[in-house]
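Here is how the chains run, residue by residue.
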Amino acid sequence: MPHRGRFVVFEGGEGAGKSTQARLLADRLGARLTREPGGTALGEMLRGLLLDPELCDLDPRAELLLMVAARAQHVGRVVAPALEAGSDVVCDRFSGSTLAYQGYGRGLPLDDVAEACALAGRGIVPDVTVLLDVAPQVARHRHAVAGDRARTDRIEAAGEAFHERVRTGFLEIAAGAGWVVVDGSGSVEEVAAVVADAVGRAIGAPSAPRGLRDGEPVP
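Residues numbered from 1 in each chain as written. Predicted model: local features only at pLDDT ≥ 70, side-chain atom pairs only at ≥ 80, totals over all residues. Heavy atoms only, no water.

## Some thoughts on the confidence of the model for the protein chain
Here comes step 1: Per-residue confidence for the protein chain gives a mean pLDDT of 90, with 88% of residues at or over 70.
Here comes step 2: In this model residues 207-219 is a low-confidence stretch, pLDDT under 50, and it forms 37 contacts with partners more than four residues away in sequence or in other chains. (pLDDT = per-residue confidence, 0-100. Contact = heavy atoms within 4.5 Å.)

So, in structure tokens, the structure goes:
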């Protein structure tokens with residue numbers, strides 16, 4: 001039987017650079033790259049709903065349940081099978097985001113959010129979670145630079161106070177075991193080097209790739 005693969009998660013607020021750093025680390029490890037919400041056909045459909053700026057009257061509890069529904073499908077169909085087959089998995093967001101966004105950001109009881117995450121996650125816990133932390137002004141600058149996108153999504157448009165609560169939540173959660181905090185304000189190359197070192201020390205990442213990588217990188 002193959003050894004269980006290693007599970008690395010990237011967390012952080014809007015504009016932190018998670019997607020880019022997740023892709024770079026997956027390339028380095030030869031890991032499967034995936035994301036939340038998303039990663040499956042159902043998850044991508046739910047992602048579209050959750051980010052749709054036209055869906056302006058979504059109750060926070062409904063938002064939470066849609067998030068964990070996407071996770072339950074993702075874990076059951078992608079993450080758990082890959083890890084059990086011995087492949088490493090790098091994921092852009094996981095339960096930490098749910099606690100930060102729906103718990104700290106939306107104000108839902110943290111115990112309720114954690115219980116929903118535990119149900120959807122089937123007991124799977126990341127081997128290491130990398131929090132890419134950037135100051136709000138850095139995130140706003142990056143968003144402005146990327147302003148040629150068609151529209152701001154529903155979560156991005158939630159307001160500065162919301163995103164400050166989310167950042168506070170991430171930093172509080174990251175004080176626990178299994179997390180490393182990386183300053184995400186540097187260049188892509190600088191942050192990637194720090195991430196590779198931190199993850200290597202946390203999970204003993206080899207210099208040579210192991211496991212299988214998804215054929216199509218997540219943008």
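## Considering the nonpolar core
Here comes step 1: Formed by 20 residues in total, the largest nonpolar core has its most connected members in V8, F10, V90, L132, V195 and V199.
Here comes step 2: Not counting residues up to four positions away in its chain, the partners in contact with F10 are K18, Q21, A22, L25, V90, C91, D92, R93, V130, L132 and V195. (Core = buried A, V, L, I, M, F, W, Y, C linked by side-chain atoms within 4.5 Å. Buried < 20%, exposed > 50% of the residue type's maximum accessible area, 1.4 Å probe, protein only.)

## Notes on the side chain of T34
Here comes step 1: Looking at where T34 falls in the secondary structure, it is placed in strand β2 (residues 32-35).
Here comes step 2: According to the relative accessible area criterion, T34 is buried, its value standing at 3%.
Here comes step 3: One polar contact links T34 to H74, side chain to side chain, over a distance of 2.7 Å. (Helix = DSSP H or I, 4+ residues; strand = E, 2+ residues; numbered from the N terminus. Polar contact = N/O pair within 3.5 Å; in protein donor to acceptor, adjacent residues only side chain to side chain.)

## Some words on helix α4 (residues 95-105)
Here comes step 1: Most of α4 is tucked away: nine of the 11 residues are buried.
Here comes step 2: Listing the buried residues of α4 in full gives S95, G96, S97, T98, A100, Y101, Q102, G103 and G105.
Here comes step 3: Contact partners of the buried residues in α4: β1 (7-11), α3 (60-84), α5 (110-121), α7 (160-173) and β5 (179-183).
Here comes step 4: Trailing α4 by a residue or two, G107 shows a phi angle of about 85°, which is positive.

## Side note on the pattern of salt bridges
Here comes step 1: Tallied over the entire structure, the rule returns 10 salt bridges.
Here comes step 2: The partner of R154 in a salt bridge is E63, with the nearest N and O atoms 2.5 Å apart. Taken together, the residues span a long stretch of sequence, with R154 in the loop between α6 (136-145) and α7 and E63 in helix α3 at a distance of 91 residues.
Here comes step 3: Exposure remark for E63: the relative accessible area of 1% places this residue in the buried category. (Salt bridge = Lys/Arg side-chain N within 4 Å of Asp/Glu carboxyl O.)

## Side note on the environment of H3
Here comes step 1: The residue H3 is located in the segment before β1 in this model.
Here comes step 2: Judged by its relative accessible area of 70%, H3 is exposed.
Here comes step 3: Measuring from C-alpha to C-alpha, the distance between H3 and L83 comes to 8.5 Å, with 80 residues separating the pair along the chain.
Here comes step 4: Not counting chain neighbours up to four residues away, the residues in contact with H3 comprise L83 and G86.

## Some details on the sheet that holds β2
Here comes step 1: Strand order in the open sheet formed by five strands is β2-β3-β1-β4-β5, with parallel pairing between adjacent strands. Each edge of the open sheet is held by one strand with a lone partner, namely β2 and β5. Neighbouring strand axes in the sheet, compared pairwise and without regard to direction, differ in orientation by 20° on average.
Here comes step 2: Two strands pair when backbone bridges link them, and β2 and strand β3 (residues 89-92) are joined in this way by four bridges, in the parallel orientation. Within β3, the position partnered with R32 by the bridge is V89. (Pairing = 2+ DSSP bridges. Axes fitted to C-alpha atoms, helices over the stretch in contact; angles between N-to-C directions.)

## What about the packing of aromatic side chains?
Here comes step 1: All chains considered together, the criterion is met by three aromatic pairs.
Here comes step 2: Where Y101 meets F170, the ring centres are 6.1 Å apart and the plane angle is 80°; that geometry is what we call edge-to-face. One end of the pair, Y101, is in helix α4; the other, F170, is in helix α7, and 69 residues separate them in sequence. Side by side, Y101 and F170 carry an identical accessibility label, which is buried.
Here comes step 3: Ring-pair connections join several aromatic residues into one group, and the members of that group are Y101, F162 and F170.
Here comes step 4: Positioned above the aromatic ring of F94 is the side chain of R71, whose terminal nitrogen or guanidinium carbon lies 5.0 Å from the ring centre. (Phe/Tyr/Trp six-rings, centres within 6.5 Å; stacked < 30°, edge-to-face > 60°. Lys NZ or Arg CZ within 6 Å of the ring centre and 35° of its normal.)

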